[in-house]
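The chain contents come next:
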Amino acid sequence: MTEDQILQLFREADALLEGHFILSSGLRSPRYLQCARLLMDPKRAERIARALADKLPPDVRDAIDLVVSPAMGGVIIGHEMGRALGVPAMFVERPGGVFELRRGFRLEPGQKVLLVEDVVTTGLSSREAIAAIEAAGGRVVAASSVVDRSNGTADLGVPYTPLIRIDVPAYAEDALPPDLAAIPAIKPGSRAEA
């Protein structure tokens, strides 16, 4: 799947948004990729996951025992990646602010895990999820995501394969360009304030 084809799927799903957005990282951006809308159609989600699984290096793909993703954003793509790779999928949650396995999920010592995210911006959530997986006994051998908003600058500490890399500017709240500062900010992600 080409970058243009992937972006077209985002457009068809009304998942490529323009405005003033507060990202999970706290940074601000004039564009937001709403993967939940992209993945809400099961056939499209399956297609995206298959393309992402096919992009993984064969040695990584063959080594994976299971997929773990962070809730909420990574749950759908994590499940679909598990299906595409023929391995179980589970997720970590942060009910107390720190990622952990819950719901009876557990890892066997040394199980080889693929961390799967929807979007990576700074890599902080991915690194936090990796730490939780490793604390639970798993060994994260690689990471992947639908979108890399860092355009290749995020360091996850493991080999990382995104489906698409996008260079979308992100700004600190105190360093907004005037045109973005003039627009009210919204926080559309899974950690939006109620």
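Residues numbered from 1 in each chain as written. Predicted model: local features only at pLDDT ≥ 70, side-chain atom pairs only at ≥ 80, totals over all residues. Heavy atoms only, no water.

Operational definition: UniProt positions are given in the numbering used here, feature names are shortened, and annotations may be inferred rather than shown by experiment.
Looking at an unreviewed UniProt entry, one finds the protein chain named Orotate phosphoribosyltransferase, with Sphingomonas sinipercae as its source organism. Quoted straight from UniProt, the Pathway (unreviewed entry) entry for the protein chain says "Pyrimidine metabolism; UMP biosynthesis via de novo pathway; UMP from orotate: step 1/2."

### Describing the pattern of salt bridges
Basically, it comes down to this: Here, a salt bridge means any Lys or Arg side-chain nitrogen found within 4 Å of an Asp or Glu carboxyl oxygen. Only runs of H or I of at least four residues qualify as helices and only runs of E of at least two qualify as strands under DSSP, and these elements are numbered from the N terminus. Exposure classes here rest on a 1.4 Å probe applied to the protein chains alone. A residue is buried below 20% of its type maximum, exposed above 50%, and partly exposed in between.
Taken as a whole, this structure holds 7 salt bridges when the rule is applied. A salt bridge links Glu173 to Arg28, with the shortest nitrogen-to-oxygen separation between them at 3.0 Å. Here the residue Glu173 occupies a position in the loop between strand 8 (160-165) and helix 7 (178-181), and Arg28 occupies one in strand 2 (residues 28-33), the gap between them amounting to 145 residues. Ionic pairing is found between Asp54 and Arg50, a salt bridge with its closest N-O pair at 3.4 Å. Note that Asp54 and Arg50 are positioned in helix 3 (residues 42-55) at a spacing of 4 residues, about one turn of the helix. Asp54 sits in the partly exposed class, given a relative accessible area of 48%. Look at Arg50 and you get partly exposed, because its relative accessible area is 36%.

### Digging into the UniProt feature "binding site: orotate" (unreviewed entry) in the protein chain
Worth spelling out the cut-off: A contact between two residues is defined here by any heavy atoms of the two lying within 4.5 Å. In protein, a polar contact requires one atom able to donate a hydrogen and another able to accept it; more generally it is a pair of N or O atoms within 3.5 Å, and residues adjacent in sequence count only if both atoms are side-chain atoms.
Under the UniProt annotation, "binding site: orotate" (unreviewed entry) lies at Thr121 and Arg149. Spanning 29 residues, the named residues form one tight spatial group whose C-alpha atoms are at most 4.8 Å apart. In this view, Thr121 contacts Leu23, Ser25, Arg149, Ser150 and Ala154; residues no more than four positions away in its chain are not counted. Structurally, Arg149 is set in the loop between strand 7 (139-148) and strand 8. Leaving out residues up to four positions away in the same chain, Arg149 has contacts with Leu23, Ser29, Arg31, Tyr32, Val119, Val120, Thr121, Ile166, Val168, Pro169 and Ala170. A distance of 2.8 Å separates polar atoms of two side chains, one belonging to Arg149 and the other to Ser29.

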